Amino acid sequence: MKNKNLLTMAIGAFFLFATSAAQTKAFQKEEFKQWAQTPPMGWNSWDCYGPTVEEHEVKANADYMAKELKKFGWEYVVVDIRWFVENDKAGGYNQKDPRYVIDQYGRYLPAVNRFPSAKDGNGFKPLADYIHKKGLKFGIHIMRGIPKKAIEDKLPIKGANGVTADQIYTTALQCEWLKDNFTILADKPGAQEYYDSIFELYAQWGVDFIKIDDLSRPYHEAEINLIRNAIDKCGRRIVLSTSPGETPISAAPHVTTHANMWRMVDDVWDTWPHITHLMDVAQKWYPYIAPGTWPDCDMIPLGRISVRGERGEDRMTRLTKDEQYTLITFFNIFKSPLFFGGDLPSNDVFTLSLLTNKEVVKMHSESTDVKQLFQKDGKIAVTSKNPKDGSVYLALFNISDQESQNVSVNLSDLGFSGSVEVLNIWTGEKSKQSSKEITAVLKAHASVLYKLKGKK
């Protein structure tokens, strides 16, 4: 019996070592694309809680996602900005006297007064464990760069052989709207080690997704390189989202080989001009929609938002129902990552229906060859294909203020030569189309989403 116990312990130790070794094995170049073969879907705390979200609120949204949304592909739960500040505020940021929580290596830690399970140096691991046990994934937001607090205190950088934080920074190109960090000089000894150290920590916590802010305007290629290297070394599959601002199209060759998703525009809020601006900017990004790398339309400002947010008072979205359909239709046919911004437990039946339509979810996951057919005179047509069943998707939009517009597409332009079976995906209505074109009469700001099948 004694020898059997020793053998069991030896086998256990071997597997523990093997597991540990596997977790720290570096990933190959561009292997990260395999981690997001379909556009990531989840919830982000920003639109409803700004920089003030607390652990119980994150758990409540995770609970709702597990119950209502997980079966439709929604899986990420993301804690947005400034989770390391004890005394932040709604409607902006406390930049006058922020109380940062930071460790001996200049790495931010969760504020325990907001995230009680982070006590005793636990960090976000207990919260990540809670979310993982529900079959979901956990994400966080950070700002690029190194904390000013670490620089002021000349804190050592883990693994950098005596290099301290004050030796790797510059005040140039500091974020204009949040002054917590300074830019890292990528060519300095210790620069890569700093990013390595924070991703080592995040991997230990169980982070699956990271949104990194202030990377896109201007485009910080050098820091993105450091970040990509650090993620690939950390041994954990952490999906990378670069944010915010209008990522320049000139950066497309770089961002598509370094990030899983990247923001095309600044924050999208619940006003019509935000939606039309997004549709305009998105025109140049259609060629870059590809498995593992996704142009990002930003969070979905639907449901109950701004509970303690940055923009406006606690409210249900200001968008009309037609505008909500237009937003969610565009996000889905464009195959944008989908991160709901509202407080999930506050959802009404209509809002939930926008997130759980099986045909829409199928289109978002399975479609390929996304193309804009036209955008002119306040009319937009976007199409894609489903290679699994041969169907064609078509979204038509009237983004003008004109109360009624006919939006038409020739069926031959969609590859059809005969009659077509038409499914209105949102209403479930079925019909047959035998004429040479398909036309929708749309009210101002309205849209329609079709699934088409027929002879080609």
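Within any chain, residue numbers begin from 1 and follow the written order of that chain's sequence. Confidence filtering applies because this is a predicted model: local features only for residues at pLDDT of at least 70, side-chain atom pairs given and counted only at 80 or more, and all residues used for totals across whole chains, interfaces and linings. The side-chain numbers reported here are obtained from all heavy atoms of the structure, hydrogens and water having been left aside.

## Focus on the domain arrangement of the chain
Then comes step 1: Throughout the structure description, domain borders are defined by an automatic or database domain assignment. Split into domains, the chain comes out as domain 1 (31-366) and domain 2 (373-455).
Then comes step 2: Counted as salt bridges are all cases of a side-chain nitrogen of Lys or Arg within 4 Å of a carboxyl oxygen of Asp or Glu. The tally of links between domain 1 and domain 2 comes to 4 salt bridges.
Then comes step 3: A salt bridge links Lys-362 to Asp-389; the shortest N-O distance between them is 3.3 Å.
Then comes step 4: When residues of the side of domain 1 that touches domain 2 are traced back to their parent elements, those giving at least two are helix H9 (272-282), helix H10 (321-333), helix H11 (349-355) and helix H12 (358-366).
Then comes step 5: The numbering of helices and of strands both runs from the N terminus, where a helix is a DSSP run of H or I of at least 4 residues and a strand a run of E of at least 2. Tallying contributions element by element places H10 first for the side of domain 1 that touches domain 2, with 8 residues.
Then comes step 6: Residues are grouped as follows: Ala, Val, Leu, Ile, Met, Phe, Trp, Tyr, Cys and Pro are nonpolar; Asp, Glu, Lys and Arg are charged; every other residue, Gly included, is polar. When grouped by side-chain class, the residues that make up the side of domain 1 that touches domain 2 number 10 nonpolar, 6 polar and 6 charged.

## A closer look at the packing of aromatic side chains
Then comes step 1: What counts as a ring pair is set by centres within 6.5 Å for rings of Phe, Tyr and Trp (its six-membered ring), and what kind of pair is set by the plane angle: stacked under 30 degrees, edge-to-face over 60, tilted for all other angles. Applying the stated criterion to the full structure yields 26 aromatic pairs.
Then comes step 2: Taking 6.0 Å as the distance between ring centres and 40° as the angle between the ring planes, the aromatic pair formed by Tyr-100 and Tyr-108 counts as tilted.
Then comes step 3: Think of it in three bands: with a 1.4 Å probe and only protein chains considered, a residue is buried below 20% of the maximum accessible area for its type, exposed above 50%, and partly exposed in between. Under the relative-accessibility criterion, Tyr-108 is labelled buried at 8%.
Then comes step 4: Three or more aromatic residues link up through ring pairs in this structure, and these residues are Trp-83, Phe-84, Tyr-100, Tyr-108, Phe-115, Phe-124, Phe-138, Phe-199, Tyr-202 and Trp-205.
Then comes step 5: A positively charged side chain is recorded as over a ring if its NZ (Lys) or CZ (Arg) lies within 6 Å of the ring centre. The angle to the ring normal must also be within 35 degrees. Over the face of the ring belonging to Phe-32 we find Arg-228, whose NZ or CZ atom lies 4.1 Å from the ring centre.
Then comes step 6: We note Lys-321 situated over the ring of Phe-350; from NZ or CZ to the ring centre the distance is 4.6 Å.

## Structural notes on the layout of surface pockets
Then comes step 1: Buriedness for pockets is judged along seven lines, at least five of which must meet protein on both sides within 12 Å for an open set on the 1 Å grid over protein atoms alone, while cavities are sets there where a 1.4 Å probe fits but cannot get out, and lining residues have an atom within 4 Å of a point. Grid points are joined across faces, edges and corners, and a volume is the space filled by probe spheres set on the points. There is about 430 Å³ of room inside the largest pocket.
Then comes step 2: Residues that form the lining of the largest pocket fall into these classes: 7 nonpolar, 5 polar and 12 charged.

## So, the sheet that holds strand S14 (residues 368-376)
Pairing between the strands of a sheet is mediated by backbone hydrogen bonds and can be parallel or antiparallel.
Then comes step 1: Ordered in space as S14-S15-S16-S21-S18-S19, the 6 strands form an open sheet in which the pairing is antiparallel. With partners counted over all chains shown, the strands left at the sheet margins are S14 and strand S19 (430-433), one partner each. In this sheet, adjacent strand axes meet at a mean angle of 25° when their direction is disregarded.
Then comes step 2: For two strands to pair, DSSP has to find at least two bridges joining them. Sheet topology note: the strand S15 (residues 379-385)/strand S16 (residues 392-398) ladder contains 7 bridges and is antiparallel. Note that in S16 the partner of Ile-380 across the bridge is Phe-397.
Then comes step 3: Contacts were defined at the residue level, with two residues in contact if any of their heavy atoms lie within 4.5 Å. Angles shown run from 0 to 180 degrees and are taken between the N-to-C directions of axes, each axis being a line fitted to C-alpha atoms and, for helices, limited to the stretch in contact. In the packing of H12 onto the sheet, the strands contacted are S14, S15, S16, strand S18 (420-424) and strand S21 (447-454), and the crossing angle to S21 comes to about 75°.

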